[in-house]
Structure formats: structure tokens, C-alpha cells
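Commentary on secondary and tertiary structure
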Amino acid sequence: MAISTPNIGSGLPINDIITKLMAVESAPLAQYDKKSASALGQVSAFGNLSGALGTFQAALSGLTSLGSFQTMSAMPGDASIFNATANGTAKAGSYKINVTQVAQPQTLASNGFKSTTAAIGVGAKTTINFSLGTVSNGTFGINGTALGASLSTGGLTPGALSINGTAIATDNTTRSARLLADAINAKSSTTGVSAKAAPTTTSATLFGSGGASTFGNVDTSGGGTYSLSVGGVEIAVQGENVAGSAAGAVTAASIDAALTGNTSVVRALADANITVSGTAADGTLRFTNADGSNVAVAEAVSGSVTGGIGNSGQANIGSSTTVVGSISLISNDGSPISIAGSNPAGAGLTSGVGGAYLGATFTPDSDRTSGNVVIDSTNNSLQEIVNAINKGGFGVTASIVSDGSSGTDAKPNRLILTSTSTGQSSTMKITLAGTGGEPADPALVDLLSYDPGGVQNMNQKMSASDTKATVNGIDVTSSTNTISGAITGVTINAIKTGNSTLAVNKDTAALTTSVNGFVKAYNDLNNQFTSLGGYNEETKTGGPLLGDSTLRNLQATIRRQMTASLTGLQGTSLTSLSQIGIAFQKDGSLVLENSKLQKAIDNNYNDIAGLFAAVGRSTDPDIKFVSSTAKSGAGDYAINITQLATKGTLQGTNVLPDETVIGANTTWSVTLNDTEPTLASNTATITIPEGRYNPSQLAAALQSSINGVSAFSSKGSTVAATVGTDGKLKLESTNYGSKSNISITMTTGTDTSAVFGTGTSVKGKDVAGTIGEYAASGDGQTLTGMPGGPVEGLKLTVEGDTTGARGTFGFSQGYAYQLNTLASGYLGAGGAITSRTKGLNDAVKDITTQREKFATRLVEVEARYRKQYSALDTMIANLNSTQSFLTQQLASLSSLK
């Protein structure tokens, strides 16, 4: 049998031989590895170049707009009230700002729970829907019950009522709802709560009920007298010796006659602020005092009298009924109201903290997303409900707050819900529904149901509200703490209420920072160029991209763009970086000469931006540059305007008299800057105060009433009312374009025709024209170059009052803008760096594939070598065995001699 183990039988070092042979065979693997390592090194180098160029581009992105250079500073007098920022469109000046309210989100709280992990309810599957919107109409406060019966005689003793920790000044003269409301309102600035007295109305059954009168005919035939008075006004009287069936007797019918038409009794009641409803004949007669004063109904009799109120044929000994009304409390900011005192019940109130929306309407915000949460037996603990709500991501966050109470019956844990956005449109509405026709879990309904226009089981702790302020006396509002647009180019961030000044000035420090930022950004990139593509004389080594064409082209293109003069700049002497002190050094880096920069700041402040950003200037001062895109080409373009933008107007046809009388309760419906389809928020009802107005006063009153509508001002919609030299009133939207319009119709009171005659509304028009003979679209006063031409995306505002040729507009792409575009080209999907990196990666893949194939062949070569040498080993082993045998035989033969 042959020996199979290499070199055991033959003694040959077969493994060593094969190892040395394979070392020679596998030598090409090192070449593959070398090529792969070289390519991967270049990939890594291009990655570094891409990162460096991306960093350079990021640094440039903030320098491509005018705002980075034509900066303004905004300094408040009291930074604890608000802070502010200004951009290049702002104008230097001083402003007076009064913040009266700071925007806040709504916060709701539940009643207390003992545990955060115990199940709430029976686990019935319940869908909870959250929606956000606006509360309109109504108030937030507390409706009181009827005041204590003794109040009309003894008043409300001092200390009986306190609101939000402030004692209300009441005494024995506080005998009606009206007087109590007056006392509460006297402390409103301290408590943040005002009061309103409900109308005081006599009982519905005082004179009967539902068609059956209980007023008996008065009979004084026994020698008595009778008098009926309401609020001190005598409405019926009967002398002696008048039978109940005789003419002149006081009956339900005679009372109704006295209360019908323009009678002296009706006039006297009106003077006492008392109105009448129903009739005595059908038992529905009621008396109401609208201001909440008490209403006393008294029967005065003498002698023998029968009949009267609730009396038919029985003796009447006189009667007196004083009706005391009730009050409602209104929280001025939607916060809960705290009620205390020695006798709040006497004021129709209950001790404790409370408040709810009263008579309100909830309107969902169509721009806000509503969301659903499903609660069942698997997640119906307080903590699990919080987790489910927070996962919803629909504008409401939930948490649990402990009030710190302890003891056997303590329930310290409360569910707190807060809208994630501020502003009055962030009020919550929470509705619950069951599944499969089953009702929602009652315990969950008790916990969460909240509708500002209905049931409110949760308690509002903080109302959703807007920021409100005045800027130089003009009212402004914002749904956030940020007020923009009130002052051109200035953004105000409200912190708390209060008054302060605001100074707006040029910010040269920011400009210097921007220029230094440009120099640093380039030098950082240049350092990468040197590291990746340079040659080190001391170490005699080059960078991984030494001699690479992509790197050389990028470096050369950037240098060429930075040394070329800019074109397309109108009216400026600054066209190169050297003019502001930026120059190249021998090593390719930039240096900034501060003295030259300061000279340019002193003499050409507004022109420096043109060296870096996309800038446009017109020969016509009424045509201004707004913005551009990467597709907007530099150059000089002729401007031709075929139509100017106009504003929506309502022009009166009446010459206003010296005095225009506006009657009582005059309300007009105003639609301002409405859209298609129309929006309800673009229409509001305004009230014109009753009075006599000269023309200028009338214009001021109308403008003030419209501009005071928060729904308009929050959208930046305002009007200007003027009286022309022809004496006619003109109402004009301050916005331009096809979306600018205004119309007014009469709702109640004086008709609009008394002011505007037969005047009709005229919508505004958009600007129209061409830029460099290329098509452009108009939106208000903004003209934008259409796609397909070199002016694509070039946006201008066109003011002035002439059409036709309007001069030329020069557009320039500054150095930062050009380099940013260049970097985008190299880094984009089809850019040179991206393409080169892809090619190298593909080469690495190809090398790897070739190496794998070669390695596979080496396995086959080694196997062949082993097979061959194994056969040789066997053959030699056999020969050695034969030799040994023959040697032994020959030795044996020798021994036989």
C-alpha cells in the first residue's frame, strides 16, 4: 500500500516546496491589493475634498443674500419686555412699543386621581378625538345663581366676597346685581375679573301661567283703594267704591291696555330701564330690567279690597315682591377664578376655583391636524393615557402633575394637557365615542370630555391667546411671541407685557463678521487643497490627489471666479474683492486688509453686499430687487411695464356734508381682501359709534373700526380711509393686486349709502410687464421672470405711477453666490467629485472581482501541485521500499557463500 502522507514515505519536504511554489504563484495578489489600496485612498481623499467643499458651501450659504451684509441692529430699551432683530430692509429709526398680552398655549387639567397606574373605567373601547381651533363669542368665567333673598334689604356685608385674593368692597348699600357688578368691576384691574349683571326678570307665573291669568278684577266697592306699581312706576290705580265689574276697575285687560303703545306708563317704565313682555290677560306678563337692577312689584291697598295678583274674590291686604338678579364673572385672560369670602353664596357664587366658557362657539382650524387616541382595557390607566396622547403627535402634549396632597382620601394626580402651539387658534376640543354602537366609557368621558361650546369636564388653567401690542400706537397681533411686519424688516419677540422703545441702526460689526467669514471659509478650503494635492519638499511626499485633474480644475475655477470683476452691478464702483481689502497671498490663501474694508464701509456701505450676494439695481428707483434663483442670469435687462398694480377700493359718490349723523346701533359687515373661494375670516362686523361726524372724523372712525378687527390685522389686512378734494370718501385696501378688495354692507342702523352713496367696489390688479423682453408674471406689485429665459426666478417689486419703458435693471451674482453655485455643481449627483468617486469605487469593485477570480485559480493550482507531489512522494516511497527489499535479499545471498 502506498504511503499517502506527503514526505513521510519519501522524505521529501513537500509542504515547504508547495508553500514556496504558491508564494511565487500568488505574487500578483499584492499588485491587486496595491491597486485597490491606491483607489480606496483616492476615494477617501475625494471624500475629504467633498467634505471640505461642503463645509465651504455651508459657510457661503449665509453670504449669498443681501441680509448678511446690509444688516441692521435692533436694540430695545428694556430687553426684559422684548428683544428684536432687523434685516437689510429695515430703516433706521426709533419706535415705541407696548406689549399688552403675550401669546400662550392652552392648558387643561383634570380632577384628581389617587393612582397613576390603576385602571380608569371598565375598559370599554373608546376613541378620543382631539381637534384644535378658535373660540368665538361667549366669555370665560362663572355664571352665578340668583343673589341671596336678603340682599335687597340688607345688602352684602363687607368681607362677604373676595375674588382672586382681593376683597370686593360691599356693604349694606349693595342691594342689587347691578351694584354688586359695579363693586367687582371697580377691582377688575387687580383681580383680572370683570362682572356682568344679568337682566332681572319677574317670575313667569307672577300673573298666571300658560294662558290662564290669575289676576282677579279689583273690587273697591267696600270703600278701599288699590295701586299696582313696578319699579316705582304706578301702572294701575283704583279709587274707592268701584265694583270689580264696573267700568274703571283694574283688570288684566286694563293693565294690558296701559302697557300697550306709547302710553305714559310705558314711557315711565322705559325711563326706569324696565321693559315689558307678555300680557296679563294670558298670564304671561313679565317685567325686565336689562342692567340688573332690582325689580319691585308692589300692591298698595287701603280699606276693604278684593282681587289683584293671584287673587280672585279674596281679600287683598297688599303684596310686595322684589326680584333680585344674578351676575356672571368674566376672566379677562381666560384664567380660572378663585372665589372666597365669608358669604359668597349671598352673591350667588360658590367658594373655590373654577371657570368655563359660557355661550361660546368652537371653530376648528382647517390648517391644524386633528388626531385620535384609542383607549381600552389595555391602556386605561392615567399614565398609559398620557403615553397614548403623546404618541399621537397632533399638537397636544400630556403629563401628570401631583398637587402634593396626601392621606387616605387624597387624589393628588391630575392629567395636564397643553397645546404645543401658542395663539388663540390652539384651543382644544376633546370628544369621545364608543365602538360598535356602544357608548364611550363614562369614566373616560368624565375625565376628558371638553368642548368650549358645550360640556367642559376638564378645567382650563391657561387660555390659548395671541400676542397683542401697539407699535407707535398701531394695534398688532400675532399667534406666537413673534411679531413680524409691524415694522418693515424688524422682528419683535415679546417676553412679557410692558412699554419700551426700540432703536434700529446700521450694524457694521455684522458686516465685518460676514466678510471675515468669507475669507476664513476660503482659507479652510485652500488648506484642504494643499493637504490633498500639494507636495511636501521636506518629506518628499505628495498628497493623495497630487496632479489630479478634478482637484486642479476646481482650484483653478475658484481662483478664476474670485479674481474676475463682477458685471451687472448698477451704480456702484465696487466690482472686485481687492477693493475691500481681500487679496491672494503666495501660498494661495486670502488675507483681509482691515483698513481698506473700513474705508469701503465708510464710503460704500450699501455696495459691499453686491460683491458677495445676488444683487439687483435699477435705474428706476421705484423698481427694487427682491430675490433670484440659481437660474437667474447676471446682466442688464430693460424693464417694460404694461400694467401697474392697483389696490381694491370703495369710492363714495356722495359729497359728504359738514356733519354726517350715524345712528344708534350702527353695524356694518366688512369683507376685506377676500379670496376665491371666500373665507369667513375675511368678513367681520364693525360698529360705528353713534354721533355726528365731520368728513375727516368720519374717515378716521371708519378706518379705526376696520383696522381694529383682529381677524384682519393678524393677516396684515388694513385699510386707509381718505376724503378727496371733491369731498367724497374713499376706502382703500393697503394691499395691492388681484387679491386686494373691500366691500361693505349695512347690518343694522345707518345705511352705508349715507356715506358712500351708490359707490361700488373695485378689485385691485396685479402688475404686468416684461424683464429684458422676457415674459414675467405679476402678483400684487411683484414681477417675477418666467421659466425658460435668463430672467427665470428674478423677482422685482414695481412701484411708481408710470407704464411703458422703465429703464434697465442690472442683476449681478456676487462671489459668494457664484462659488456656492459652483460648489453645488461639483457636489451634485452629476458633479465632478461625485462622478470621480463613483468611478474609483467601480474600479475598486472591479479589482476586487479580479482578485477573487485569481485567488480561486490559486486554489486550483495548489491542488494540482499537491496532487503531483503526492504522486511523486508515493513513487519515491515505493522505490525506497523496493531498494530496501533488494538490499535485504542481496545481504541474504551474501551470507550463503
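Fair warning: this is a prediction, and the values are worked out from it, not measured in the lab.

**Considerations on the pairing of strand β43 (residues 635–643)**
Across six bridges, the pairing between β43 and strand β57 (residues 804–813) is antiparallel. Note that in β57 the partner of D636 across the bridge is G810.

**As for unusual backbone geometry**
Cis geometry marks the peptide bond from E676 to P677, where omega comes out at 0°. With respect to the helices and strands, the residue P677 is situated in the loop between β46 (666–672) and β47 (683–688). Phi at N273 is positive, roughly 65°, even though this residue is not glycine. Mapped onto the elements of the fold, N273 is located in the loop between α7 (264–271) and β16 (274–277). Although it is not a glycine, K540 adopts a positive phi angle of roughly 55°. By the element assignment, K540 lies in the loop between β37 (535–536) and β38 (541–542).

**A closer look at the nonpolar core**
Buried together is how nonpolar side chains tend to be arranged in soluble globular proteins. Formed by 47 residues in total, the largest nonpolar core has its most connected members in F518, I580, I582 and F612. Of all the secondary-structure elements, those providing two or more residues to this core are α2 (27–61), α10 (508–533), α11 (549–563), β40 (590–592), α12 (594–604), α16 (815–827) and α17 (832–896). Looking at this core, the element that brings in the most residues is α10, giving nine residues. Ignoring sequence-local partners within four residues, the contact set of F518 consists of L60, L63, M562, L577, I582, L590, F612, Y815, A816 and L819. I120, F130, Y357 and M428 belong to the second largest nonpolar core, which has 29 residues in total.

**As for the pairing of strand β53 (residues 768–771)**
In β53, alternate side chains face the same way, and those of G769 and I771 are buried while those of A768 and T770 on the opposite face are not. Relative to β53, β43 is paired through four bridges, and the arrangement is antiparallel. Considered in β53, the bridge of Q643 is made with A768. Judged from the two bridges that link them, β53 and strand β54 (residues 774–779) form a sheet pairing that is antiparallel. Residue pairing across strands places T770 opposite A775, the latter belonging to β54. Two successive antiparallel strands, β53 and β54, enclose a turn made up of two residues, where G772 displays a positive phi of approximately 60°.

**Notes on the side chain of S632**
Its place among the elements puts S632 in the loop between β42 (623–627) and β43. A polar side-chain atom of S632 sits 2.6 Å from the main-chain carbonyl oxygen of E792.

**A word on α12**
Buried within α12 we find L597, A600, I601 and N604. Projected down its long axis, α12 carries its buried residues within an arc of 115°, all on one side. The exposed set on the far side of α12, more than 90 degrees from its buried face, consists of K599, D602 and N603. The inward-facing, buried residues of α12 contact α10 and β40.

Conventions used here
- Residues numbered from 1 in each chain as written.
- Predicted model: local features only at pLDDT ≥ 70, side-chain atom pairs only at ≥ 80, totals over all residues.
- Heavy atoms only, no water.
- Pairing = 2+ DSSP bridges.
- Helix = DSSP H or I, 4+ residues; strand = E, 2+ residues; numbered from the N terminus.
- Core = buried A, V, L, I, M, F, W, Y, C linked by side-chain atoms within 4.5 Å.
- Buried < 20%, exposed > 50% of the residue type's maximum accessible area, 1.4 Å probe, protein only.
- Contact = heavy atoms within 4.5 Å.
- Polar contact = N/O pair within 3.5 Å; in protein donor to acceptor, adjacent residues only side chain to side chain.
- Arc of directions from axis to C-beta.

Purely spatial values, then, with no claim about function.
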